Amino acid sequence: WDNADFSRGVGTTFYQEFSTLNTAKPPFVRDVEAKVRRYMRSSYSAAWTLKITWEKAPVYSSWTDTRKTITYQAVLTTDGFRSYILMLYQDGGMQWDYTRLAATNVLIGYT
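Each chain has its residues counted from 1, running along the sequence as written. The predicted nature of this model means local features are confined to residues of pLDDT at least 70 and side-chain atom pairs, given and counted, to a pLDDT of 80 or more, with totals for whole chains, interfaces and linings taken over all residues. The side-chain quantities take in all heavy atoms of the structure and omit both hydrogens and water.

**Considering the confidence of the model for the protein**
Reading predicted coordinates in detail is not appropriate for stretches of low pLDDT.
Phase 1 of the analysis: Each residue carries a pLDDT value, the predictor's own confidence for that position, ranging from 0 to 100. This prediction gives the protein a mean pLDDT of 83; 78% of its residues lie at or above 70.
Phase 2 of the analysis: Confidence, expressed as mean pLDDT per element, reaches its minimum in the protein at strand β4 (residues 83-89) with 90 and its maximum at helix α1 (residues 27-40) with 95. Strands are runs of DSSP state E lasting at least two residues, helices are runs of H or I lasting at least four, and both sets are numbered from the N terminus onward.

Below, the structure written as structure tokens:
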């Protein structure tokens, strides 16, 4: 989750934690559970979920172009035994011009 540059006051980052062990689950957590069940083809009931959002994040370094921003999310979730992550990008995918980045080995996602 690097190569975003918030130093010029453009964009924001925020998070929301959902601890759902033995509590009612909000619609967002139920949606995450449904995605995990569908993609992994297994039963899943979240005990904890964290949603991190980078909104209108400009590329590092923002002096290159603060107009090209991207909104994306990482959703981490676990049932206490298995953990999953969902990487979600705005419609149209990554908007940064990766050819102008200092590093040429760009990876969208995680390893």
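**Points about the packing of aromatic side chains**
Phase 1 of the analysis: Each aromatic pair joins two rings of Phe, Tyr and Trp (for Trp, the six-membered one) with centres within 6.5 Å, and gets the label stacked for planes under 30 degrees apart, edge-to-face for over 60, and tilted for any other angle. Following the criterion strictly, the structure yields four aromatic pairs and no others.
Phase 2 of the analysis: Seen from their ring centres, Tyr72 and Tyr89 are 6.0 Å apart, and the 25° between their planes marks the pair as stacked. In this pair, Tyr72 is assigned in strand β3 (residues 69-78) and Tyr89 in strand β4, connecting sequence segments 17 residues apart.
Phase 3 of the analysis: We call a residue buried when its accessible area falls under 20% of the maximum for its residue type, exposed when it is over 50%, and partly exposed in between, using a 1.4 Å probe and counting protein chains only. Tyr72 sits in the buried class, given a relative accessible area of 5%.

**Observations concerning the pairing of strand β2 (residues 48-58)**
Consecutive side chains along a regular strand alternate between the two faces of the sheet.
Phase 1 of the analysis: Summarising burial for β2: eight of the 11 residues are buried, a large majority.
Phase 2 of the analysis: Relative to β3, β2 runs antiparallel, the two being bridged by nine bridges. Residue Trp48 lies in a different strand from β3, and its bridge partner there is Thr78. Pairing between strands requires that DSSP locate at least two bridges from one strand to the other.

**Considering the nonpolar core**
Phase 1 of the analysis: Here, the term nonpolar core denotes a set of buried Ala, Val, Leu, Ile, Met, Phe, Trp, Tyr and Cys residues that are joined through side-chain atoms within 4.5 Å. Counting residues in each nonpolar core, the largest one holds 10 residues, listed as Ala4, Leu50, Ile52, Trp54, Ala57, Val59, Ile70, Tyr72, Ala74 and Trp96.
Phase 2 of the analysis: Going through the elements one at a time, β2 and β3 are the ones with two or more residues in this core.
Phase 3 of the analysis: Core analysis: the second largest hydrophobic core is formed by nine residues, Phe18, Val36, Tyr84 and Leu86 among them.

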